[in-house]
Amino acid sequence: MTAAALQDAPFETQLGEVAAAVEAQLGALMPDAGGPVGRLRAAMRHGSLNGGKRLRPFLVVRSADLFGVPRERSLRAAAALEMVHCYSLVHDDLPAMDDSDLRRGRPTVHRAFDDATAILAGDALLTEAFGVLADPATHPDAAVRCRLVARLAQAAGSEGMVGGQAIDLSDERHGLDLPGIERLQALKTGALIAFACEAGALLGEAGEAQREALVDYARLLGLAFQIVDDLLDVEGTTEELGKPAQQDSDLGKATFVVHLGVEGARERAAELADKARVRLDSFGENADALRRTIDFVLARRS
Ligand code: GRG
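As the structure is a prediction and not an experimental result, all values here were calculated from the model. The residue count restarts for each chain, going from 1 along the sequence in the order it is written. Per-residue local features are limited, in this predicted model, to residues with pLDDT of at least 70; the limit for side-chain atom pairs, both in listing and counting, is 80 or more; totals at the level of whole chains, interfaces and linings are taken over all residues. Heavy atoms throughout the structure, all of them, feed into the side-chain values; hydrogens and water do not.

Novice: Sorry if this is basic, but what is going on with the packing of helix 8 (residues 142-156) against helix 10 (residues 178-203) here?
Specialist: Two quantities define a packed helix pair, namely the angle between the axes and the distance from one axis to the other. Closest axis-to-axis distance for the helix 8/helix 10 pair is 9 Å, and the angle between their directions is 175°. The angle between helix 8 and helix 10 places the two elements in the roughly antiparallel class. Along the contact surface, helix 8 presents Val-144, Arg-147, Leu-148, Arg-151, Leu-152, Ala-155 and Ala-156, while helix 10 presents Ala-191, Leu-192, Phe-195, Glu-198, Ala-199, Leu-202 and Leu-203. Note that Gly is not counted as nonpolar here; it falls among the polar residues with everything else outside the nonpolar set of Ala, Val, Leu, Ile, Met, Phe, Trp, Tyr, Cys and Pro and the charged set of Asp, Glu, Lys and Arg. The residue makeup of the contact of helix 8 with helix 10, split by class, is 11 nonpolar, no polar and 3 charged. Axis lines are fitted through C-alpha atoms, for helices just across the contact stretch, and the angle between N-to-C directions can take any value from 0 to 180 degrees. By definition, any uninterrupted DSSP run of H or I lasting at least four residues is a helix, any uninterrupted run of E lasting at least two residues is a strand, and each is numbered from the N terminus. For this classification, under 35 degrees means roughly parallel, over 145 means roughly antiparallel, 65 to 115 means roughly perpendicular, and everything else is oblique. Any pair of residues with heavy atoms lying within 4.5 Å of one another is described as a contacting pair.

Novice: Which parts of the structure should I look at to understand the site of the ligand?
Specialist: Near the ligand there are 20 residues, and of these Lys-53, Arg-56, His-85, Asp-92 and Arg-104 occur at the shortest range. The contact in question runs from an oxygen atom of the ligand to an N or O atom on the side chain of Arg-56, over 2.7 Å. Residue Arg-104 places a side-chain N or O atom 2.7 Å away from an oxygen atom belonging to the ligand. For the ligand, the protein covers 92% of the area, taking 700 Å² as the surface of the free molecule. Here the ligand occupies the largest pocket. Here the shell around the ligand takes 6 residues from helix 5 (residues 71-92), the largest share from any one element. Within the shell around the ligand, the residues separate by chemical class into 5 nonpolar, 7 polar and 8 charged. For this purpose, a residue is taken to be near a molecule or strand whenever a single non-hydrogen atom of the residue falls within 4 Å of it. Under this definition, polar contacts are N or O atom pairs within 3.5 Å; protein pairs additionally need one hydrogen-donor-capable and one acceptor-capable atom, and for neighbouring residues in sequence, both atoms have to be side-chain atoms. Per-residue and other accessible areas were derived by the Shrake-Rupley procedure at a 1.4 Å probe size, with only the shown protein chains allowed to occlude residues. Grid spacing is 1 Å over the protein atoms alone, the probe is 1.4 Å, and a cavity is where that probe fits but cannot get out, while a pocket is an open set with protein on both sides within 12 Å along at least five of seven lines and lining residues have an atom within 4 Å of a point. Any molecule with more than half of its atoms within 2 Å of a cavity's or pocket's grid points is counted as sitting in it.

Novice: Got a minute to help me understand the nonpolar core in this structure?
Specialist: It is characteristic of soluble globular proteins that their nonpolar side chains tend to be buried jointly. If you look at the biggest cluster of nonpolar residues, it comprises 86 residues, and the most contacted ones within it are Leu-59 and Tyr-217. For this core, the leading source of residues is helix 10, giving 13 residues. Look past the residues within four positions of Leu-59 in its chain and what remains in contact with it is Ile-193, Ala-196, Cys-197, Tyr-217, Leu-221, Leu-290 and Thr-293. Residues enter a nonpolar core if they are buried and are Ala, Val, Leu, Ile, Met, Phe, Trp, Tyr or Cys, with the set joined through side-chain atoms within 4.5 Å. For every residue, the accessible area (1.4 Å probe, protein chains only) is compared with the maximum for its type, and the residue is labelled buried under 20%, exposed over 50%, or partly exposed between those bounds.

Novice: Explain empty space enclosed by the protein to me, please; I cannot follow it from the model alone.
Specialist: Space left empty within the atom packing is revealed by a probe, the size of a water molecule, rolled over the atoms. Grid points are joined across faces, edges and corners, and a volume is the space filled by probe spheres set on the points. For the structure on display, the rule yields 1 cavity of 30 Å³ or more. Those elements giving two or more residues to the lining of the largest cavity turn out to be helix 3 (38-48), helix 5 and strand 2 (106-107). When residues in the lining of the largest cavity are grouped by element, the largest group, 3 residues, is from helix 5. In terms of residue class, the lining of the largest cavity is built from 6 nonpolar, 3 polar and 4 charged.

Novice: Teacher, can you tell me more about unusual backbone geometry here?
Specialist: Glycine aside, residues mostly have negative phi angles, and peptide bonds mostly take the trans form. You will see that Arg-54, though not glycine, has its phi angle at about 60°, which is positive. Along the polypeptide, Arg-54 turns up in the loop between helix 3 and helix 4 (55-65). Judged by its relative accessible area of 3%, Arg-54 is buried. The residue Asp-99 is not glycine, and still its phi comes out positive at about 55°. Among the structural elements, Asp-99 can be located in the loop between helix 5 and strand 1 (102-103). A relative accessible area of 43% means that Asp-99 is categorised as partly exposed.

Novice: Which parts of the structure should I look at to understand the side chain of Arg-145?
Specialist: On the secondary structure map, Arg-145 appears in helix 8. When charges are tallied, Lys and Arg are placed among the positive residues and Asp and Glu among the negative ones, while His and the ends of the chain are skipped. Here a salt bridge means any side-chain nitrogen of Lys or Arg lying within 4 Å of a carboxyl oxygen belonging to Asp or Glu. Although Arg-145 lies buried, it forms no salt bridge, and the closest oppositely charged side chain, Asp-141, sits 6.3 Å away as judged by the N-O distance. Other than its neighbours up to four places away in sequence, Arg-145 contacts Leu-133, Ala-134, Asp-135, Pro-136, His-139 and Pro-140.

Okay, here's the thing in structure tokens:
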């Protein structure tokens, strides 16, 4: 589909088009392997192929589109980010963390293989993601590649997603107030979503103001995404979610819904969505796909 035709296509078609392209990219980066690493590679593929909304890759690609970045570059960055996201899901599902049997409607990696293989598959997905970003095929300018690597390391590490996960598992977690939950979720979920849009700006060598506007948009979107996640945890079914429902509420965790109630949480998500829209104003109609992503996030059922 041409870029112009895609711009007018239904949002689900747009998301599906990027999802299919990133699926192909991931498959090419991690082909089936025989020999001693065959089982490890199969576990990596199980944890990263055939599933998920591919929201983060979509944000990378559509942010990069704003600056005319060639798809073969943005899809590599999108795949690298999805590899990090998938590693986090594989490790989050392990018995030492959430101990989940189901992810994306299928057995989790440690269930389909074993705990040690799931740990190693996550490790390999994470490590190889940085190799994908560092490859000249992702961007010809080494300085751009270095920034991508550095920013993803920050977003995924102890001052980003892993730090958020550590707070989530800590003793303080149950007593968190609303600002505390916002901080936790900005790290655990928000940091990778913010990187998605930042990656598009970095690939496009955007100016500082444009990069900041996209990162702000993504931070607000990430928070709205997490509030909807909390709502789905209460209201969604295991069938819809493809993973166990009521996980957080069963654990008695403080969430946006616990603090704000269902209606209050919906209102807060809508407020964040409005603010996120404003941050796209300077991009005009070129940012329509990112605007429609906000509606998708608010309405999502999985
Ligand atoms: C184990 C290092 C480490 C981190 C785990 C991301 C994460 C941190 C845990 C996942 C558990 C969870 C439910 C997090 C909250 C929101 C979230 C990130 C949901 C999963 O993302 P989606 O909905 O998943 O984009 P798909 O399957 O569509 O990619």
